[in-house]
Amino acid sequence: MSKGLKIVMWVVSGLLAALFLVAGLPKLLTPEKILDKWVYARWFLTFVGTCETLGAIGLLVPRLAALAAGGLSIIMVGAVYTLLTHHMANELPTPIVVFFLLLGVIYLRRKETART
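Residues numbered from 1 in each chain as written. Predicted model: local features only at pLDDT ≥ 70, side-chain atom pairs only at ≥ 80, totals over all residues. Heavy atoms only, no water.

Trainee: Before we move on, could you go through the overall build of the protein chain and cite the residues and values that matter?
Mentor: When helices and strands are counted, the protein chain shows five helices and zero strands. Of the regular secondary structure in the protein chain, the N- to C-terminal order runs α-α-α-α-α. Against the compact-globule benchmark of 13 Å for 116 residues, the protein chain has a radius of gyration of 15 Å, which places it among compact chains. For the protein chain, the spread of C-alpha atoms along the three principal axes comes to 45 × 25 × 20 Å. Going through the 116 residues of the protein chain one by one, you find that 34% of them count as buried. Counting only contacts in the protein chain whose residues sit at least 6 apart along the sequence, the fraction spanning at least 24 positions is 63%. Total accessible area on the protein chain stands at roughly 7,100 Å², and carbon and sulfur atoms take up 74% of it. Where the 11 positive side-chain charges of the protein chain centre and where its 5 negative ones centre are 16 Å apart. (Helix = DSSP H or I, 4+ residues; strand = E, 2+ residues; numbered from the N terminus. Rg over C-alpha atoms; globule rule 2.2 N^0.38 Å. Buried < 20%, exposed > 50% of the residue type's maximum accessible area, 1.4 Å probe, protein only. Contact = heavy atoms within 4.5 Å. Areas by Shrake-Rupley, 256 points an atom, 1.4 Å probe, with all protein chains shown as cover. Lys, Arg positive; Asp, Glu negative; His and termini not counted. Charge placed at Lys NZ, Arg CZ, Asp CG, Glu CD.)

Structure (structure tokens):
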């Protein structure tokens, strides 16, 4: 892999990690505020917040990055479903773009995962 591609991969992974920390930590620390907006159970928000937080950390560990991105991709599919069922289609571009960025991380990091 070229040096430029590695830099892009690290920048994208870092930005995605920051995004998922910002998205996941409030679900863990203040789920009451989020319960007003969504109709999901508190335990489910805690589960998703935990997955997002751990996935964000995993994106920064080369051997775990592809697996973390795979798990976070599933969460993005759930986000698209949630936005569609709550008639919030105007917010759909964000999880779709994040989903494709995660697929890029999976593609670029797949060799590192295979070495374990």
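Trainee: Outline the packing of aromatic side chains, supporting the account with residue identities and numerical values.
Mentor: With the rule as written, the count across this model stands at two aromatic pairs. Considering the side-chain rings of Phe99 and Phe100, the 5.4 Å spacing of their centres and the 80 degrees angle between planes classify their relative orientation as edge-to-face. You can call Phe99 partly exposed: its relative accessible area is 24%. Note that Arg109 overlies the ring of Trp10, its terminal NZ or CZ placed 4.4 Å from the centroid. The side chain of Arg110 reaches across the aromatic face of Tyr107, ending 4.0 Å from its centre. (Phe/Tyr/Trp six-rings, centres within 6.5 Å; stacked < 30°, edge-to-face > 60°. Lys NZ or Arg CZ within 6 Å of the ring centre and 35° of its normal.)

Trainee: Lay out the nonpolar core in plain terms, naming residues and giving numbers.
Mentor: Leu16, Phe20, Leu59 and Leu102 are the most contacted members of the largest nonpolar core, which has 15 residues in total. Listing elements by their share of this core, those giving two or more residues are helix 1 (3-29), helix 3 (42-59), helix 4 (62-85) and helix 5 (93-114). The element contributing the most residues to this core is helix 4, with six residues. Every residue in contact with Leu102, bar those within four places of it in the chain, is listed here: Leu16, Phe20, Leu59, Ala69, Leu72, Ser73 and Met76. In terms of nonpolar packing, the next biggest core, distinct from the first, is built from seven residues, Ile34, Trp38, Val80 and Leu83 among them. (Core = buried A, V, L, I, M, F, W, Y, C linked by side-chain atoms within 4.5 Å.)

Trainee: Before we move on, could you go through the layout of surface pockets and cite the residues and values that matter?
Mentor: Think of a ball as big as a water molecule: rolled over the atoms, this probe shows where empty space is left. By volume, the largest pocket is sized at about 850 Å³. The wall of the largest pocket is formed by 33 residues, among which Lys27, Glu52, Ile75, Met76 and Ala79 lie closest to the centre. Where the lining of the largest pocket is concerned, the elements lending two or more residues are helix 1, helix 2 (31-35), helix 3, helix 4 and helix 5. With 11 residues, helix 4 is the single largest residue contributor to the lining of the largest pocket. (1 Å grid on protein atoms, 1.4 Å probe; cavity = no way out; pocket = protein on both sides within 12 Å on 5 of 7 lines; lining within 4 Å. Points joined across faces, edges and corners; volume = space filled by probe spheres on them.)

Treat this as a map of the structure, not an account of what it does.
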